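Close look at the chain arrangement
Here is what each chain is made of, one letter per residue.
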Amino acid sequence: MLELRASAQGTRLAIAQVSRLRETVIKMAAKVSVSVRRTLVELAAHCPFSEEIVLMAQRLSSGQQLIFS
């Protein structure tokens, strides 16, 4: 949870409590497809924090290629 909070710096979730981060990031619905070279994450069309989630995932990915659609 500390890593999630650190990756949220500069976003609307930067000062969110742990319960809010858990509800927003961990419990979100997404379709994930993994292949040899990439990971594809498809967020719901109505995801209110999609930009923040994409930014946080890219910060946490540690060099892996993530593709969001």
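That block above? That's the structure.
Residues numbered from 1 in each chain as written. Predicted model: local features only at pLDDT ≥ 70, side-chain atom pairs only at ≥ 80, totals over all residues. Heavy atoms only, no water.

1. Digging into the nonpolar core
Counting residues in hydrophobic clusters, the biggest one holds 10 residues: Leu 4, Ala 8, Leu 13, Ala 16, Leu 21, Val 25, Cys 47, Phe 49, Ile 53 and Met 56. For this core, the secondary structure elements donating two or more residues are α2 (18-26) and α3 (50-60). Discounting residues that sit within four places of it in the chain, Phe 49 has contacts with Arg 12, Leu 13, Arg 20 and Thr 24. (Core = buried A, V, L, I, M, F, W, Y, C linked by side-chain atoms within 4.5 Å. Buried < 20%, exposed > 50% of the residue type's maximum accessible area, 1.4 Å probe, protein only. Helix = DSSP H or I, 4+ residues; strand = E, 2+ residues; numbered from the N terminus. Contact = heavy atoms within 4.5 Å.)

2. A closer look at the pattern of salt bridges
Here the structure, examined in full by the defined rule, presents 1 salt bridge. Of the charged contacts in the structure, one is a salt bridge between Arg 12 and Glu 52, with a shortest N-O distance of 2.8 Å. One end of the pair, Arg 12, is in the loop between α1 (2-7) and α2; the other, Glu 52, is in helix α3, and 40 residues separate them in sequence. (Salt bridge = Lys/Arg side-chain N within 4 Å of Asp/Glu carboxyl O.)

3. Section: a nonpolar patch on the surface
Taken together, Met 1, Val 18 and Ile 26 make up a surface patch of nonpolar side chains, about 270 Å² in accessible area. Locating Ile 26 in the fold gives a position in helix α2. (Patch = residues over 30% accessible without salt bridge, like charges linked within 9 Å, V, L, I, M, F, W, Y side chains within 5 Å. Areas by Shrake-Rupley, 256 points an atom, 1.4 Å probe, with all protein chains shown as cover.)

4. With respect to α2
Taken together, the buried positions of α2 are occupied by Leu 21, Thr 24 and Val 25. Projected down its long axis, α2 carries its buried residues within an arc of 80°, all on one side. Elements that come into contact with the buried residues of α2 comprise α1 and α3. (Arc of directions from axis to C-beta.)

5. What to know about the environment of Ser 33
Structurally, Ser 33 can be placed in strand β1 (residues 30-34). Non-local contacts of Ser 33, meaning those with residues more than four positions away in its chain, are made with Arg 38, Thr 39 and Leu 40.

6. Things to note about the environment of Ala 16
You can see Ala 16 is positioned in the loop between α1 and α2. A residue is classified by how much of its surface remains accessible, and Ala 16, at 10% relative accessible area, is buried. Along the primary structure Ala 16 and Arg 5 are separated by 11 residues, whereas in three dimensions their C-alpha atoms are 7.8 Å apart. The residues touching Ala 16, leaving out its near neighbours within four places in the chain, are Arg 5 and Leu 21.

7. Some words on the pairing of strand β2 (residues 39-43)
Only one face of β2 is buried, namely the one carrying Thr 39, Val 41 and Leu 43, since none of Leu 40 and Glu 42 on the opposite face is buried. Note that β1 and β2 share 5 bridges and pair antiparallel. By the bridge assignment for β2, Val 32 is matched with Val 41. Where β1 folds back onto β2 in an antiparallel hairpin, the turn is made up of 4 residues. (Pairing = 2+ DSSP bridges.)

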